[in-house]
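Here's the letter readout for the chains.
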Amino acid sequence: MLGPLCTQTLADLGADVLKIERPGKGEWMRSMPMIGQFVGDDSAAFHSFNRNKRSVTVDLKNSDGIALLMEMAKDCDVVVENFRSGVMDRLGLGYEDFKAANPKIIYASGSGWGSTSYMAKQGMPGQDLLIQAMSGVMFNTGRAEDPPTACGTPIADFAASQALTIGILGALVARDRHGVGQKVETNLYSATLNLMAQENFAVLNQSITLQRSEAGVASCWNDAPYGAHPTSDGWVAIAMCPLTKLGPLLSDEGLAGMDPWNQRDAVKLRIDENTKKMTTEEIMTIFNEADVWSAPIRTSAEAMQELVDLNSPRLVEMDHPKAGRIKAIANPITLSETPVTLRHVPPAVGQHTDKVLTEIFGADRVAELRAEGVI
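Residues numbered from 1 in each chain as written. Predicted model: local features only at pLDDT ≥ 70, side-chain atom pairs only at ≥ 80, totals over all residues. Heavy atoms only, no water.

Chemist: Teacher, can you tell me more about the pairing of strand β10 (residues 324-329) here?
Modeler: In regular strands, side chains alternate between the two faces of the sheet. Both strand β9 (residues 315-320) and β10 contribute to a ladder of six bridges, which runs antiparallel. Among the inter-strand pairings, E317 is bridged to a residue of β10, identified as K327. The turn joining β9 and β10, which pair antiparallel and follow one another in sequence, is formed by three residues. (Pairing = 2+ DSSP bridges. Helix = DSSP H or I, 4+ residues; strand = E, 2+ residues; numbered from the N terminus.)

So, in structure tokens, the structure goes:
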């Protein structure tokens, strides 16, 4: 997900992204069913991260295919790769290879553990869940008596993808100012450690051990209230409300005298006893009027239905030749003068091979490459 989401972000912002895929099957994510299902011929994961790109098939096991990419690099600004560390160098597609073809190339490399870490040298697979396990995220999430708990979405992939995007944009600005190309690197592990910057700072500098709450305070870092509280018909989230303010709202004056850190489990459970006597709507009415940081806890289906009902710009709709009319989450960035546009639906394998290579090399060369099995 790291590379595909990074390049989709760039594509949404206007970049002409050429997705290099295997002839025939394309990239592996196409065939990875989500919840055991496909949307059209491809997985929901593929559709989620590949709009606004053009697909070009090149056989990377063919030396002529490698040479072709080096030729293409002369007309490109950025190369993005998301293989395990060392794979691209072995293929003859490393930074030095592309730099020789285009000295001003920006070569962006995303991996699980980076190229020099202990885990990389051990050959550990760099997958999101494993990164959450090794970084401390899983151990810091959930109740004290629960097993280590993974986040409900692959946060390591998302964090690293946006870090790589920012790095690429920074390198492009640097090239514009200083005339230099360079290699940009990030990895899932570093990006995930950065997600926990404040918690890790405390561990490094305050000689403390982070401990999960037994009652369900949602953070090792925060005092109560901070987390989910039951209502008579659902759940609400409450974040960082002074107990002197919360107690009167819940008709529980005793809350004000409790210590929100040293008694955080007792505070959490006491708030639970109050909130579960009221409906979610009743509580939200009281909290909204008092400006308490709170929200009803919704399912993904409820959140998406609201966007559909409101015809929200947070959704983008596409007419896909195989999947029909599909909806996706829109790019979260808004630009006043060069707005994000939808130019291409997620492509079929090699859909744009002939068109793209004809633009670069001409029709006769494309015919030769196809006859030789390079594309």
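Chemist: What is the right way to look at helix α15 (residues 353-361) in this model?
Modeler: Count 3.6 residues to each turn of an α-helix, and residues three or four apart come out pointing the same way. When α15 is considered as a whole, its buried residues turn out to be T353, V356 and L357. Projected onto a plane normal to the axis of α15, the buried residues spread over an arc of 90° and lie on a single side. Turning to α15, the residues buried within the fold contact β1 (17-21), β2 (53-57), α3 (63-73) and α16 (363-371). G362 lies just past α15 and shows a positive phi near 100°. (Buried < 20%, exposed > 50% of the residue type's maximum accessible area, 1.4 Å probe, protein only. Arc of directions from axis to C-beta. Contact = heavy atoms within 4.5 Å.)

Chemist: Got a minute to help me understand the sheet that holds strand β5 (residues 182-187) in this structure?
Modeler: Either a parallel or an antiparallel arrangement is found when strands of a sheet pair, and the pairing is made through backbone hydrogen bonds. The strand order across the open sheet formed by three strands is β3-β4-β5, and the pairing between neighbours is parallel. At either end of the open sheet lies a strand with only one pairing partner, and these are β3 (78-81) and β5. Recorded for the sheet is a direction-independent mean angle of 15° between the axes of neighbouring strands. Both β3 and strand β4 (residues 106-111) contribute to a ladder of four bridges, which runs parallel. Bridge pairing links E81 to S109 in β4. Of the strands in this sheet, β3, β4 and β5 touch helix α8 (residues 155-178), which is tilted by about 165° from β5. (Axes fitted to C-alpha atoms, helices over the stretch in contact; angles between N-to-C directions.)

Chemist: It is not clear to me how unusual backbone geometry should be interpreted in this structure. Could you clarify?
Modeler: Across residues other than glycine, the phi torsion is negative in most instances, and most of the peptide bonds are trans. A224 connects to P225 through a cis peptide bond whose omega is 0°. A positive phi is found at I35, a non-glycine position, where the angle reads about 55°. Here I35 lies in the loop between β1 and α2 (44-48). Overall, the relative accessible area of 83% leaves I35 in the exposed class. Unlike most non-glycine residues, S251 shows phi in positive territory, near 55°. Taking the relative accessible area as the measure of exposure, S251 reaches 66% and is therefore exposed.

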